[in-house]
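Structural overview
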Amino acid sequence: KSSIDSSLASDDLEFCCAVLHDDTGCSCAIYRSLEKRLICLSFRGTCAPIDLVTDASIAQSAWVDGEDVEDPDTVKIHTGFRKSLDSISRRLKELMLAAVAPGEDLSDYDVLVTGHSLGGALATSFVMDVAEYGMDAGRGLPQLEPSEPWWSSIASTITGKKVQMGTPPPPPRPKSLKMYNFGSPRVGNDAFCRKFDSLVGNGIDEAYRIVNDQDAVARFPRTMNGLALGNIGYDHCGPTVLITEIENQISKRNGNDGASKFRKSEMLWIEGESNDAACPVRDGEALSDPLGSGSLLGDINDIVGTFQGNGDEEDKAFSFSKLGNMAEKVTGRLQKLNVEDVASIVGIDKRFTQREVKFLRSIFSGEGLMHHMEDRYYQGMGMCSGYAALPGQELRPLEELEAMDVAEIEEAINESGNNMSSYEEQYKVWTENAPQV
């Protein structure tokens, strides 16, 4: 028992159990602290081959089973995510209701839900369900059909027989409900995101979607428009927290010894809190005014306008010198032509193009996938907390990195990569040690 606890929970949390579904591959661990009255859920990310099938689909289903999926106003969710979570959701809620101390109620407990990658999408969906409907253990995910009494399964387990009661009370709700996910893909359509965001502060106490730098998975699935698939839209739920990779904290300036140094700069950007800038992880508006400021045609139009003068007789006089100066400026602008300028001619927003080009480069370079790995999130979150956090190594204050040169930092990062267990090894330990429920 002690070896299981030490490998699957910290000193202040008790590992209760893990829920696993053989067919869908969905799995979640439950932890608790009776002293702090805290229950934590951690959804596992992509690990087994079946998870790849879940991730790959872009089709959508109605969030509430039975609603018309063809209705454009229907709240919709990624079909694979819904099927996966629905396979364990009811059992998971039953176990959470049973995880409280004798004589206590779920309303006495704070609930924290988290997950990485696919697990982040499942965490988002689970929290939205509980926030809107309470801990309804009489069904899996939301449905039009009436659910069974939420307490019936637990009562039957305790008494060993089916229990009949009068009108059931409403499903219980936790004292607080918070969700922090890491590298989560987009979960549902615009209506799904509006529903989720409306519950923040009204059932969800906190919700943050943490993205590590150029993580490509956090920018999928993409909105699709096509004859075969129809219009399939996806967006993000909750504010984005963007963390910076440790390599991007290395200063380009040379130190006294001539070597580049680690220089701690802004590591964390929180949507809606850090500044008013648009979230770089969201798609944003694709269309813009072709003559708008900053576009190619807009800049040329501004150049021409500066040479038109005020309309007096002197300005109206034809001037080869004026024409030459204007031509020189236009030529200079054209020499700076890039892919964003070409796109702006047909009305595609320049910032949108820049994000898309950066996104594609991260995929082809491999950085987009590397930034998605759990060890890179561990590094990033540790750095935001003031520590150099490298797998297999002791935590060290960031101030120590400022005394190291780049070669030493890169060597430490590479060594941590060699100490990082593979997903398959972690998954094997996790499933072998977990009590079967």
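Residues numbered from 1 in each chain as written. Predicted model: local features only at pLDDT ≥ 70, side-chain atom pairs only at ≥ 80, totals over all residues. Heavy atoms only, no water.

To continue, consider the overall build of the protein. When its secondary structure is counted, the protein shows 17 helices and 16 strands. Buried positions account for 44% of the 437 residues belonging to the protein. Partitioning the intrachain contacts of the protein with sequence separation of at least 6 by distance along the chain shows that 69% fall at a separation of at least 24. Looking at the protein as shown, the accessible area adds up to about 22800 Å², and 53% of this sits on carbon and sulfur atoms. (Helix = DSSP H or I, 4+ residues; strand = E, 2+ residues; numbered from the N terminus. Buried < 20%, exposed > 50% of the residue type's maximum accessible area, 1.4 Å probe, protein only. Contact = heavy atoms within 4.5 Å. Areas by Shrake-Rupley, 256 points an atom, 1.4 Å probe, with all protein chains shown as cover.)

On to the confidence of the model for the protein, then. When pLDDT is averaged along the protein, the result is 76; 60% of the residues meet or exceed 70. Below pLDDT 50 for its whole length, residues 286–291 participates in 18 contacts with residues either more than four positions away or in separate chains. Per-residue pLDDT stays below 50 along residues 342–347; that stretch engages in 13 contacts with residues further than four places along the chain or on separate chains. (pLDDT = per-residue confidence, 0-100.)

Okay, helix 4 (residues 89–98) next. With seven of ten residues buried, helix 4 lies mostly within the body of the structure. Along helix 4, the residues that are buried comprise Ser89, Leu92, Lys93, Glu94, Leu95, Met96 and Leu97.

If you look at the biggest cluster of nonpolar residues, it comprises 49 residues, and the most contacted ones within it are Ile39, Leu41, Phe43, Val113 and Phe126. No other element matches helix 5 (residues 118–133), which puts nine residues into this core. In this structure, Ile210, Leu242, Ile243 and Ile270 belong to the second largest nonpolar core, which totals eleven residues. (Core = buried A, V, L, I, M, F, W, Y, C linked by side-chain atoms within 4.5 Å.)

Now for the side chain of glutamine 393. Residue position: glutamine 393 is located in the loop between strand 15 (387–388) and strand 16 (396–397). Judged by its relative accessible area of 17%, glutamine 393 is buried. Side-chain polar atoms of glutamine 393 contact the side chain of arginine 396, separated by 3.2 Å. (Polar contact = N/O pair within 3.5 Å; in protein donor to acceptor, adjacent residues only side chain to side chain.)

Before going further, it helps to examine unusual backbone geometry. The phi angle of most residues is negative, glycine excepted, and most peptide bonds adopt the trans form. Of note, the bond from phenylalanine 220 into proline 221 is cis; its omega dihedral lies within 30 degrees of zero at -10°. Relative to the helices and strands, proline 221 is located in the loop between strand 8 (206–212) and strand 9 (224–226). For arginine 37, which is not glycine, the phi dihedral falls at a positive 55°. Within the secondary structure, arginine 37 is located in the loop between strand 2 (27–33) and strand 3 (38–43).

On the surface, a nonpolar cluster with roughly 420 Å² of combined accessible area is contributed by Phe220, Leu360, Ile363 and Phe364. Examined against the element boundaries, phenylalanine 220 turns out to sit in the loop between strand 8 and strand 9. (Patch = residues over 30% accessible without salt bridge, like charges linked within 9 Å, V, L, I, M, F, W, Y side chains within 5 Å. Salt bridge = Lys/Arg side-chain N within 4 Å of Asp/Glu carboxyl O.)

Quick look at the sheet that holds strand 11 (residues 240–243) now. With mixed pairing, eight strands are arranged side by side in an open sheet as 1-2-3-6-7-8-11-14. Each end of this open sheet is capped by a strand with a single partner; those strands are strand 1 (14–20) and strand 14 (268–270). Each strand of the sheet is rotated relative to its neighbour by a mean of 20°, with strand direction disregarded. Pairing analysis gives six bridges linking strand 3 to strand 6 (residues 110–116), with the strands arranged parallel. (Pairing = 2+ DSSP bridges. Axes fitted to C-alpha atoms, helices over the stretch in contact; angles between N-to-C directions.)

Now for the pattern of salt bridges. This model, assessed by the stated rule, comprises nine salt bridges. Its salt-bridge partner being glutamate 14, residue arginine 32 comes within 2.9 Å of it at the nearest N-O pair. Of the two residues, arginine 32 is situated in strand 2 and glutamate 14 in strand 1; the sequence distance between them amounts to 18 residues. Of the residues examined, glutamate 14 reaches a relative accessible area of 32% and is grouped as partly exposed.

The next subject is the environment of valine 217. Note on placement: valine 217 falls in the loop between strand 8 and strand 9. Residue valine 217 is classed as partly exposed on the basis of its relative accessible area, which comes to 24%. As a C-alpha pair, valine 217 and histidine 372 span 155 residues in sequence and 6.7 Å in three-dimensional space.

Turning our attention to the packing of aromatic side chains. Applying the stated rule across the entire model yields five aromatic pairs. Both rings, one in phenylalanine 15 and one in tyrosine 31, keep their centres 5.5 Å apart while their planes meet at 55°; by these two values the pair is tilted. Of the two residues, phenylalanine 15 is situated in strand 1 and tyrosine 31 in strand 2; the sequence distance between them amounts to 16 residues. Residue classification places phenylalanine 15 among the buried positions, given a relative accessible area of 3%. (Phe/Tyr/Trp six-rings, centres within 6.5 Å; stacked < 30°, edge-to-face > 60°.)

Another point: the pairing of strand 11. Residues Thr240 and Leu242 point to one face of strand 11 and Val241 and Ile243 to the other, with burial holding for every one of them. Where strand 8 lies against strand 11, four bridges are found, and the strand directions are parallel. Bridge pairing in strand 11 links isoleucine 210 to valine 241. The pairing of strand 11 with strand 14 spans three bridges and is antiparallel. Bridge pairing in strand 14 links valine 241 to isoleucine 270.

Another point: the pairing of strand 8. Burial within strand 8 is extensive, with five of its seven residues counted as buried. By the bridge criterion, five bridges tie strand 7 (residues 176–182) to strand 8 in an arrangement that is parallel. By the bridge assignment, tyrosine 180 is partnered in strand 8 with tyrosine 208. On the question of chirality, the crossover connecting strand 7 to the parallel strand 8 by way of helix 7 (residues 190–199) is right-handed. (Right-handed = clockwise from strand over helix to strand, strands pointing away.)

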